Amino acid sequence: MSNKPCLRVENLHVSYDVGSTGFLGKRRKLHAVNDVSLEIGAGETLGLVGESGSGKSTAGLAILRLIDVASGTVRLGETDVAGATRSELRALRRRMQMVFQDPYSSLNPSMTIAQLLEEPLIIHADIPKDERKAMIGRMLESVGLHAGYAARYPHEFSGGQRQRIAIARAMMLHPELVVLDEPVSALDVSTQSQIMNLLKKIQGDSGTAFLLVAHDLSVVRLMSPRVAVMYLGEIVETGPSGRVYDQPAHPYTAALISAVPFPDPERQRRVNRIILGGDLPSPMSPPSGCRFRTRCPFVMDICSKEAPPKVAVEGGGLASCHLHAHGPKLGGRSLNDFIRDKQIVSAA
Ligand SMILES: Nc1ncnc2c1ncn2[C@@H]1O[C@H](COP(=O)(O)OP(=O)(O)OP(=O)(O)O)[C@@H](O)[C@H]1O
Ligand SMILES: [Mg+2]
């Protein structure tokens, strides 16, 4: 992180109450986010990746206090978000916003674009009517839409245009932070790159920080200089995107990356695929010790006994894996080199 923090999250825990089981009908807790810490600098993008069910959306929603935080600290600038009262939260809403994956369901179909964009202004700011109208026109143009579209309804637009509208709505009050939850995954490939370019332009103009949630690593690689990798509710690796992609230090990250096809067939041939066995375990009963151990090709005795400590990685960032302290000696080499040398996994 290069500049002053916009968002600081420490030891965040989030759980859901799920259906009662057994004859006593006791409610059970699903721990969807477990001890997550991260920071985003002003105007910076942090990518949050992980497979489906790893807790990315839950973390994003809790950071914005759209769902309850069980414990931990969330700070936006100097403001305590996790402990904010109802009225403090109302004031915080204008400083942090969310864009959802599905532009078809995230916009109220019975409201015009003008109404959708005006709503945050009316709720949060005391701005005269004609100034509001001018702001809406300017915002539509800045997301690449005609100001004249303001009178239309969401169904009159394509998926990409609707996502532009959702982005415009989130940006109306110049927030410090926007959580983008899979903002392009519902769109076709060419529309995806247009929306990513738009997000970059908007960030350059506004200095808004983004938490970019995605399961698609290529999206995060294009958009964010830093990345955090989530597995079963925990962050298992963080670091500069280049280092994480080229020299992953956690076997889960290495597996995620090895699943992404390289456009260059020569490079593709040199990649050893790590095939993960089994499904993501249930967060209701996570494995003891390291949560990844049940699917890890390098599992050792210690992995079931102790949770791995966070280890600083050469080239930047942290990885939570016993291999670095207890494993077959990596001897200063990256996990990637280790995999290649050992030929533990075969190309698939
Ligand atoms: N409202 C809810 N009630 C109960 N459990 C939930 C709820 N929302 C999510 N979960 C559970 O919490 C865990 C984390 O889910 P979450 O949606 O945050 O994952 P995700 O990483 O965003 O996945 P995806 O990539 O599919 O969006 C999962 O086990 C999920 O089943
Ligand atoms: Mg999600």
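Residues numbered from 1 in each chain as written. Chains lettered and ligands numbered in written order. Predicted model: local features only at pLDDT ≥ 70, side-chain atom pairs only at ≥ 80, totals over all residues. Heavy atoms only, no water.

### Section: the nonpolar core
In globular proteins that are soluble, nonpolar side chains generally tend to be buried together. Threshold: The criterion is simple. A nonpolar core is a set of buried Ala, Val, Leu, Ile, Met, Phe, Trp, Tyr and Cys residues joined through side-chain atoms within 4.5 Å. Only protein chains enter the accessibility calculation, which uses a 1.4 Å probe; a residue whose area is less than 20% of its type maximum is buried, one above 50% is exposed, and one in between is partly exposed. The numbering of helices and of strands both runs from the N terminus, where a helix is a DSSP run of H or I of at least 4 residues and a strand a run of E of at least 2. Reported domain spans reflect what an automatic or database domain assignment gives. Note on contacts: a residue pair is in contact if any heavy atoms of the two residues lie within 4.5 Å.
Of all hydrophobic cores here, the largest spans 68 residues; its most connected members are Leu117 and Ile167. Looking at this core, the element that brings in the most residues is helix H5 (residues 159–171), giving six residues. Formed jointly, this core draws a minimum of three residues from each of two domains, domain 1 (5–224) and domain 2 (249–342). In this structure, leucine 117 is in contact with Ile136, Leu140, Ile165, Ala168, Arg169 and Met172, ignoring residues within four places of it in sequence. Cys6, Leu12, Ile40 and Leu89 belong to the second largest nonpolar core, which has 34 residues in total.

### Quick notes on the confidence of the model for the protein chain
Convention followed: Confidence of the predictor at the level of single residues is captured by pLDDT, which takes values from 0 to 100.
When pLDDT is averaged across the protein chain, the result is 89; 90% of the residues are at 70 or more. Between residues 343–348, whose pLDDT stays under 50, and residues either more than four places distant or in other chains, the model counts 14 contacts.

### Some remarks on the packing of helix H3 (residues 113–124) against helix H4 (residues 129–142)
Selection criterion: What counts as an axis is a line fitted to C-alpha atoms, over the stretch in contact for a helix, and the angles between N-to-C directions run from 0 to 180 degrees. Between 65 and 115 degrees an angle is taken as roughly perpendicular, under 35 as roughly parallel, over 145 as roughly antiparallel, and anywhere else as oblique. Handedness of each helix crossing follows the sense of rotation of the near helix against the far helix: counterclockwise by less than a right angle gives left-handed, clockwise gives right-handed. Gly is put with the polar residues, along with every residue not named as nonpolar or charged; the nonpolar set is Ala, Val, Leu, Ile, Met, Phe, Trp, Tyr, Cys and Pro, and the charged set is Asp, Glu, Lys and Arg.
Where H3 contacts H4, the axes come no closer than 10 Å and their chain directions differ by 120 degrees. Between H3 and H4, the angle is such that the two are oblique. Helix-helix and strand crossings are classified by hand; for H3 and H4 the assignment is right-handed. In contact with Ile113, Ala114, Leu117, Glu118, Leu121 and Ile122 of H3, H4 contributes Lys129, Arg132, Met135, Ile136 and Leu140. The residue inventory of the contact of H3 with H4, partitioned by class, reads eight nonpolar, no polar and three charged.

### Description of the sheet that holds strand E7 (residues 177–181)
Applicable threshold: Two strands form a pair only when DSSP identifies at least two bridges running between them.
The strand order E6-E7-E8-E3-E9-E10-E12-E11 describes an open sheet built from eight strands, whose pairing is mixed. Because the sheet does not close on itself, it has two edges, and the strands there are strand E6 (96–99) and strand E11 (310–312). Neighbour to neighbour, the strand axes of the sheet diverge by 20 degrees on average, direction disregarded. Here strand E9 (residues 226–231) pairs with strand E10 (residues 234–240) via six bridges, running antiparallel. Within E10, the position partnered with alanine 228 by the bridge is threonine 238. Strands strand E3 (45–49), E6, E7, strand E8 (209–214) and E9 of the sheet are contacted by helix H1 (residues 56–63), whose axis makes an angle of about 155 degrees with E8.

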